Amino acid sequence: MAYNLKESVKKPERLAGGHRMCAGCGAPVVVRAILRALKEDDHAVIGSATGCLEVSTCLYPYTSWKDSFIHSAFENAAATVSGAEAAYNALKRKGKITGDTKFITFGGDGGTYDIGLQSLSGAMERGHDMVYICYDNGAYMNTGIQRSSATPSFADTTTSPAGNVIPGKMQPRKDLTLIMANHNIPYVAQTAPMGNFKDIYAKAEKALYTPGAAFINAFAPCPRGWRYETPLLMDIIKLAVDTCIWPLYEVEDGKLTVNYKPRKKLPVEDFLKAQGRFRHMFKKGNEWTIEQFQKDVDEKWERLLSMEEN
Amino acid sequence: MNKKDKLNLGNDVNWKEISPGGVINEPGNSDKFKTGDWRSVKPVWIKENCKQCMLCFPVCPDSSIPIDENGKRLDFDFDHCKGCGICAEVCPFSAIEMKDN
Amino acid sequence: MSKRDRLSGNEAVSVAMRQINPDVVAAFPITPSTEVPQYFASFVANGMVDTEFVPVESEHSAMSACIGAQAAGARTMTATSANGLALMWEMLYIAASSKLPITLAAVNRALSGPININNDHSDTMGARDSGWIQIYGENNQEAYDNFIQAVRIGEHPDVMLPVMDCYDGFITSHAVENIELLDDDAVKKFVGEYNPGESLLNRKNPISVGPLDTVTHYFEHKRIQAEAMKNAKQVILDVAEEFEKLTGRKYGLFEEYMMDDAEVAIVIINSTAGTAKETIKGLRAKGIKAGLIKIRVFRPFPVEEIAKALSKVKAVAIMDKCDGFNAAGGPLFNEVTSALYGRADGIKAINYIYGLGGRDVSVQDIATVYDRLLDIVNTGNIGEVYNYLGVRE
């Protein structure tokens, strides 16, 4: 059935209010969008790596999750949920349970790109029928905005501070989405909650209902860590996509499709200037940082387009 | 994990009555925890301007825009709305205004 | 009701696993426990079990997958050794605090570094405070019997804790010995069905597992966990009694060998007890009242029972196959002496660290320990408390 926002909102809410995520956080927006793609009758077992999402949504004796939820540690969310999925297969085979259960794992970029990469890689390679969603906010926000391998170049974080000599993080981001695509799993996508949420909903639906392992990398701005005013969430996301800093694409059975090509590709400054973490890039003498950032984005975008053609 | 019948939500629960293993057996019970008092500004829904386009609903991080059985939005859930203002920013019809709390 | 066979310890434990037919086994190979998942994978491949086998990419993920599976309501098992157990460390604590009765075949091997594949107890001794029940076995038969009993102990409603079945690498894991196996049906009946009250896969009652616990609740959760470990002692005895009815093989919290009239004794764990029993036979032939206590249950530690069993000896040597690096003694020494304190004061106690990294311990080596104990009894002088047996001086 074609996506219809007005229909999708009628589905029961699966993430209750009363969680302790900061006002304006992008992560619960991603989570709600992903969970809306579940069929109403399906039960979900949802795992989370340690991080903002986990400590804020499951703080004893309260849980925001209306489905079953498990957190065990930071670096092992994928392995933990892979165990639950194995249990489902075994108990189903033995006739001990009925009904359909979907397996979903959330991790921030710290728990996904960095400390949890091995566990993620293992679970995806083994082909568990589960979806792993990274909510990428580009730093270790839960511990107070330290750099991760998902942090963009030159971002000012507490462990890559913009100083007089070093202008923030000196390395480019790790391209995790393509790393996951190279696991040759049935479905990999990069998405963001945007506009009427069609892109993220459609990708979540495909990921959930394509048998086997699936990975989604979802853009999830952090107003506190990125230093912008909370109402601007959706503007920041749109700028990331329109500058091609965060391209929307998917890889289905090895075939890459770029889902959104901006009619007018915006300069990276438009994204950077909206956020305090990049402010130092606009200082006199740091012009080169913006040039290098733009060059890096352009090269990656061109490479993505050429991968689509091939 | 063994089942404890009723989850004790009190801060004075003793060790014999606390749920073993920290299991929470009340799905979605965080709605009993009010985050509305975090708010410094509040969204005001101007019903006459609202076209029920639903663009505000998915952008809410706090699941604080209730939907009725016909798929129409209702007034905000002020028990949980933290006043981030994303909904007001995305509304194309000036149907949400941020005001001092 | 049972049949005799000749199996290695790892084979015996994997047979127990097959007979239990768990829902999920998640494991990663490491010497000397590797054979357990290998044998088990062949049972899966040949359709002899209904288990979902998860060949994870690390021991950390093995324990993580076990946690996910057991929380989902599955009876779950794994096996590991040494560094594999060390890599699981973080998750051992989480399995226990989440009250998940996972069963782990812990094949004892020296913990790096330096890297060494042979037997000592530095791996499981390091995990002694992780909240797992630890049961040790001297030989293949005990490793097999303990594994079957572990399932019942861990899953008991008063306990609900994970259990390690610890046995010595190579000495027990790889040596082929005579063994008496139960019939498959008898094992199935003995362990029964696993029906946890709550699970992730119970769609009618969804649960959240592993919440953030603040200062308001963390302490109460640790206290209820501690109570489960206290409860485990009686459950271990009850399960042993039932197992004895089934097999005729008697198990307790520890084994007492020639302790009735013993004046000097050693306390020891696992396979070296066999060697020590030979030493004792020789000493007894000379009229020396030597005895031995072989620890079976290290967690929970049988404090009162050990104190009672040692109350009549004049001197005791506590043997640790693991150093404590506290400049004072090994972990078993600390446990036993603290058990004696206030319960059986005045007993002269010394400690020997032995067998590290697989160093052989002979009947004669252990005889020197008894010589030392006899000297202490005769002279009244304890001398050095913290000693090494078998290291080149």
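None of these values were measured; they are calculated from a predicted model. (Residues numbered from 1 in each chain as written. Chains lettered and ligands numbered in written order. Predicted model: local features only at pLDDT ≥ 70, side-chain atom pairs only at ≥ 80, totals over all residues. Heavy atoms only, no water.)

Asker: Go over the packing of helix α4 (residues 77-93) of chain A against helix α3 (residues 59-71) of chain C, please, and point to the residues and values.
Answerer: The interhelical angle for the contact between α4 of chain A and α3 of chain C, taken along N-to-C directions, is 50 degrees, at an axis separation of 6 Å. When the interaxial angle is binned, α4 of chain A and α3 of chain C end up oblique. Pair α4 of chain A / α3 of chain C crosses with right-handed handedness. Seen from α4 of chain A, the contacting residues are Ala79, Thr80, Ser82, Gly83, Ala84 and Ala87 of chain A; seen from α3 of chain C, they are Ser61, Ser64, Ala65, Gly68 and Ala69 of chain C. Looking at side-chain class alone, the contact of α4 of chain A with α3 of chain C contains 5 nonpolar, 6 polar and no charged residues. (Axes fitted to C-alpha atoms, helices over the stretch in contact; angles between N-to-C directions. Helix = DSSP H or I, 4+ residues; strand = E, 2+ residues; numbered from the N terminus. Parallel < 35°, antiparallel > 145°, perpendicular 65-115°, else oblique. Left-handed = near helix turned anticlockwise from the far one by under 90°. Contact = heavy atoms within 4.5 Å. Nonpolar A, V, L, I, M, F, W, Y, C, P; charged D, E, K, R; others polar.)

Asker: Please provide a residue-by-residue account of the pairing of strand β16 (residues 386-389) of chain C, values included.
Answerer: The side chains of a regular strand alternate, first on one face of the sheet and then on the other. Residues and elements named next belong to chain C. When strand β15 (residues 348-354) meets β16, the two strands line up parallel, connected through 4 bridges. Following the sheet pairing, Ile353 is matched in β16 by Tyr388. Following the backbone out of β15, through helix α12 (residues 363-379) and into the adjacent parallel β16, one traces a crossover that is left-handed. (Pairing = 2+ DSSP bridges. Right-handed = clockwise from strand over helix to strand, strands pointing away.)

Asker: How would you summarise the environment of Gly324 of chain C if you had to cite specific residues and measurements?
Answerer: Residue and element names in this part refer to chain C. Counting through the fold element by element, Gly324 comes out in the loop between β14 (315-320) and α11 (331-340). You can call Gly324 partly exposed: its relative accessible area is 33%. Considered as a pair, Gly324 and Gly126 are 198 residues apart in the sequence and their alpha carbons are 9.1 Å apart. Ignoring any residue separated from it by four or fewer positions in sequence, one finds Gly324 in contact with Gly329, Gly330 and Pro331. (Buried < 20%, exposed > 50% of the residue type's maximum accessible area, 1.4 Å probe, protein only.)

Asker: Now, about the interface of chain A and chain C: what can you tell me, with residues and values included?
Answerer: Contacts between the two partners involve 47 residues from chain A and, on the opposite side, 43 residues from chain C. If you sort the residues of chain A by the area they bury against chain C, Tyr60, Lys94 and Arg126 of chain A come out on top, with a joint share of 18%. For the interface between chain A and chain C, the tally reads 4 salt bridges. The partner of Glu57 of chain C in a salt bridge is Arg126 of chain A, and the shortest N-O contact between them spans 3.0 Å. At the surface where chain A touches chain C, the tally comes to 23 residue pairs in polar contact (both at pLDDT 80 or more). Every element with two or more residues in the side of chain A that touches chain C is listed here: β1 (43-48), α3 (52-57), β2 (58-59), β4 (68-70), α4, β5 (101-108) and α6 (117-126) of chain A. Considering each element in turn, the side of chain A that touches chain C owes the most residues, 12 residues, to α4 of chain A. Among the residues making up the side of chain A that touches chain C, the classes are represented as 19 nonpolar, 17 polar and 11 charged. Here β4 of chain A runs beside strand β9 (residues 208-209) of chain C; their pairing, made up of 2 bridges, is parallel. (Buried area = accessible area lost by both parts, 1.4 Å probe. Salt bridge = Lys/Arg side-chain N within 4 Å of Asp/Glu carboxyl O. Polar contact = N/O pair within 3.5 Å; in protein donor to acceptor, adjacent residues only side chain to side chain.)

Asker: Which residues make up the domain arrangement of chain C, and what are the values?
Answerer: All names here are of chain C. Assigned domains of chain C: these are domain 1 (2-247) and domain 2 (254-389). Listed as interface residues are 31 residues of domain 1 and, on the opposing side, 27 residues of domain 2. With both chains or domains summed, domain 1 and domain 2 bury close to 2200 Å², and 52% of this area falls on carbon and sulfur atoms. Linking domain 1 with domain 2 are 6 salt bridges. A salt bridge links Lys294 to Glu142; its shortest N-O distance comes to 2.7 Å. Put simply, domain 1 and domain 2 have 22 residue pairs in polar contact (both at pLDDT 80 or more) between them. Those elements giving two or more residues to the side of domain 1 that touches domain 2 turn out to be α5 (122-126), β6 (133-137), α6 (140-155), β7 (163-168) and α8 (218-247). Across the side of domain 1 that touches domain 2, the residue classes tally to 13 nonpolar, 11 polar and 7 charged. (Domains from an automatic or database assignment.)

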